[in-house]
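Here's the letter readout for the chains.
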Amino acid sequence: MMEFLIDFCPYVIAALVLFVLGFNLSRRENRLRESTHEDVSLPWYSWEAIASILLIALFSALRYYTGNDYRMYLTNFQQLQADGSLLRGNLEIGFVLVTKLIALTGCHFSFYFGFWGALQAFCLYYGLRHHKQLYCWIGLVLLLGPFCINWLTYLRQWTIAIAFVPMVPYFARRKFWPCLLFTLVAVTIHYSAWILMLLYFVPLVLKADRSRNFYLAIFAVCYLLGTYPVWLSPIASSRWLFSLVGYDKYQCLFQPLIEEHFVFKGYGPLRLIYLFQSLLFIWYYPAMREYYSRDKLFNAFFTLAFVGVCYQHLFINTVYALIRPADYLFVFVVIMLAYVFDYLMRNKKRYVLGASCLVICSFTFISCCKEVFFSCKPAAECNLLYHFIPQL
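Read on for a plain summary of the structure. (Residues numbered from 1 in each chain as written. Predicted model: local features only at pLDDT ≥ 70, side-chain atom pairs only at ≥ 80, totals over all residues. Heavy atoms only, no water.)

## A closer look at the layout of surface pockets
Inference 1: Of the volumes computed, that of the largest pocket is approximately 950 Å³.
Inference 2: Broken down by secondary-structure element, the contributors of at least two residues to the lining of the largest pocket are α1 (2-36), α5 (109-127), α9 (168-172) and α18 (327-346).
Inference 3: With four residues, the single largest contributor to the lining of the largest pocket is α1.
Inference 4: Grouping the amino acids of the lining of the largest pocket by side-chain chemistry returns eleven nonpolar, seven polar and eleven charged. (1 Å grid on protein atoms, 1.4 Å probe; cavity = no way out; pocket = protein on both sides within 12 Å on 5 of 7 lines; lining within 4 Å. Points joined across faces, edges and corners; volume = space filled by probe spheres on them. Helix = DSSP H or I, 4+ residues; strand = E, 2+ residues; numbered from the N terminus. Nonpolar A, V, L, I, M, F, W, Y, C, P; charged D, E, K, R; others polar.)

## A few points about the pattern of salt bridges
Inference 1: In the structure shown here, the tally under the stated rule is six salt bridges.
Inference 2: Here glutamate 29 ties to arginine 33 by a salt bridge, and the two come within 3.3 Å at their closest N and O atoms. One end of the pair is glutamate 29 and the other is arginine 33, both in helix α1 and four residues apart, which spans about a single turn.
Inference 3: Notably, a salt bridge pairs arginine 324 with aspartate 327, separated by 3.7 Å at the nearest N-O pair.
Inference 4: Overlapping salt bridges, with partners in common, bring together Glu29, Arg33 and Lys132 in one network. (Salt bridge = Lys/Arg side-chain N within 4 Å of Asp/Glu carboxyl O.)

## Structural notes on a nonpolar patch on the surface
Inference 1: A grouping of Tyr45, Ile50 and Leu54 is seen on the molecular surface, where their side chains present a nonpolar patch of about 320 Å² in accessible area.
Inference 2: Isoleucine 50 gets classed as partly exposed once you look at its relative accessible area, which sits at 34%. (Patch = residues over 30% accessible without salt bridge, like charges linked within 9 Å, V, L, I, M, F, W, Y side chains within 5 Å. Areas by Shrake-Rupley, 256 points an atom, 1.4 Å probe, with all protein chains shown as cover. Buried < 20%, exposed > 50% of the residue type's maximum accessible area, 1.4 Å probe, protein only.)

## Observations regarding the packing of helix α11 (residues 212-227) against helix α17 (residues 298-314)
Packed helices, taken two at a time, are described by the angle between their axes plus the distance between the axes.
Inference 1: Closest axis-to-axis distance for the α11/α17 pair is 7 Å, and the angle between their directions is 25 degrees. Regarding the angle of α11 to α17, the classification is roughly parallel. Here Tyr215, Ile218, Phe219, Cys222, Tyr223, Leu225 and Gly226 of α11 come into contact with α17, specifically with Phe302, Phe306, Val309, Cys310, His313 and Leu314.
Inference 2: Residues of the contact of α11 with α17, tallied by class, amount to eleven nonpolar, two polar and no charged. (Axes fitted to C-alpha atoms, helices over the stretch in contact; angles between N-to-C directions. Parallel < 35°, antiparallel > 145°, perpendicular 65-115°, else oblique. Contact = heavy atoms within 4.5 Å.)

## Focus: the nonpolar core
Inference 1: Trp151, Phe164 and Phe332 are the most contacted members of the largest nonpolar core, which has 123 residues in total.
Inference 2: No other element matches α18, which puts 16 residues into this core.
Inference 3: Apart from the residues lying within four places of it in its own chain, the contact partners of tryptophan 151 are Ile56, Phe59, Ser60, Gln120, Leu142, Leu143, Trp158 and Ile162. (Core = buried A, V, L, I, M, F, W, Y, C linked by side-chain atoms within 4.5 Å.)

## A look at helix α2 (residues 47-62)
Inference 1: Compared with an ideal rise of 1.5 Å per residue, which puts 16 residues at 22 Å, α2 spans 22 Å between its outermost C-alpha atoms and is within 8% of the ideal.
Inference 2: Buried within α2 we find Glu48, Ala49, Ser52, Ile53, Ile56, Ala57, Phe59, Ser60 and Ala61. (Expected span 1.5 Å × (residues − 1).)

## A look at helix α3 (residues 70-83)
Inference 1: Under the 1.5 Å per step criterion, the end-to-end length of α3 is 20 Å for 14 residues, consistent within 8% with the ideal 20 Å.
Inference 2: Turning to α3, its buried residues number three or more, namely Tyr70, Tyr73, Leu74, Asn76, Phe77 and Leu80. Mapping the buried residues of α3 onto a view down its axis gives an arc of 160 degrees, with all of them on the same face. Projecting away from the buried face of α3 at angles above 90 degrees are the exposed residues Arg71, Ala82 and Asp83.
Inference 3: Tucked into the core, α3 has its buried residues touching α4 (93-103), α5, α7 (148-153) and α8 (155-163). (Arc of directions from axis to C-beta.)

## Section: the side chain of arginine 63
Inference 1: Structurally, arginine 63 is set in the loop between α2 and α3.
Inference 2: Buried and without a salt bridge, arginine 63 has aspartate 69 as its closest oppositely charged side chain, separated by 9.4 Å.
Inference 3: A polar atom in the side chain of arginine 63 sits 3.0 Å from the backbone oxygen of leucine 152. (Lys, Arg positive; Asp, Glu negative; His and termini not counted. Polar contact = N/O pair within 3.5 Å; in protein donor to acceptor, adjacent residues only side chain to side chain.)

## Structural notes on the packing of aromatic side chains
Inference 1: Summed over the entire model, instances satisfying the criterion amount to 49 aromatic pairs.
Inference 2: Ring plane angle 15 degrees and centroid distance 6.1 Å describe the contact between phenylalanine 19 and phenylalanine 23, whose orientation is recorded as stacked. Of this pair, phenylalanine 19 and phenylalanine 23 both sit in helix α1, four residues apart, which is roughly one turn of the helix.
Inference 3: The exposure class assigned to phenylalanine 19 is partly exposed, which follows from its relative accessible area of 21%.
Inference 4: A relative accessible area of 35% means that phenylalanine 23 is categorised as partly exposed. (Phe/Tyr/Trp six-rings, centres within 6.5 Å; stacked < 30°, edge-to-face > 60°.)

By themselves these figures say nothing about function.
Structure representation (structure tokens):
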């Protein structure tokens, strides 16, 4: 038990430090606006933001076998340093180039993982530079909420997902060439990133007269269809479709869907947290839409998050490979939850804020408990817990 708590502590410590840094930056900006009586902003590269980026980079650099895909990335990096070859030869050219540039300089692998962590943190903080009131909540939700394990595991895909955040204004305003250029670069990191170009054709600014019940009804339909997805069998048998989106190597995993043998996930605490977080930001959307009416990107963030959770629950009883495309949108669920917490705090709904924050931020803890205590794994072998590199 003590080893478990020690290995879980880095999540909590890092999340709380990020909260304090973000809260301090937001408070300084509010004081500046009150003193000048103008809508001014501190630069995004304020010391708190830089310290947060460095902390996330350090958090990524010092981890060891934390995340399901960590072993593959580490082995590839070490193989490159040993003889210049790659253990996995089908990685995208841009990702391979960056990996080779770092590996062949002789850097320690911790620098390699720290680089990707710093890049992700920079894109996230820069993309939200006009929404600094969210910084404090972003750290809590990202490290303790439902998507921390995805972030640590799917390195390439989540790098692109977070890099997409600063690009949202271009997609919302239908700027074709910047969107196309971003997609072309993103595809060199993860092939499936071409899916993001489809969002160019999606209206990200929704009609303001849509009621809460409208969005709840759409979500309910997706949820019910996902409960018993028999309609997926014809799609699962389409090999060309998986080749198109870059998941052709997973096509064999869809045989159970073709035969209508679905995976029915129980309603344990983790599944309920996924459901709770979706309903939470959908429920408060109408009130937040009015409260953040001057925020030009709020509706776009909501649209992307809403599409993400609808897609997730539509395919939740299938194989995980079919849910993977939604990883590009889960970062916006993190952002929307940060909006909810900020809204609840500013409107002095302290009890709702405390209860909601407790539920959302218990996800990583429950996941780690599940792997250690219910899978009967020792803490040292749990790849959800935070392990430091052996040299430390």
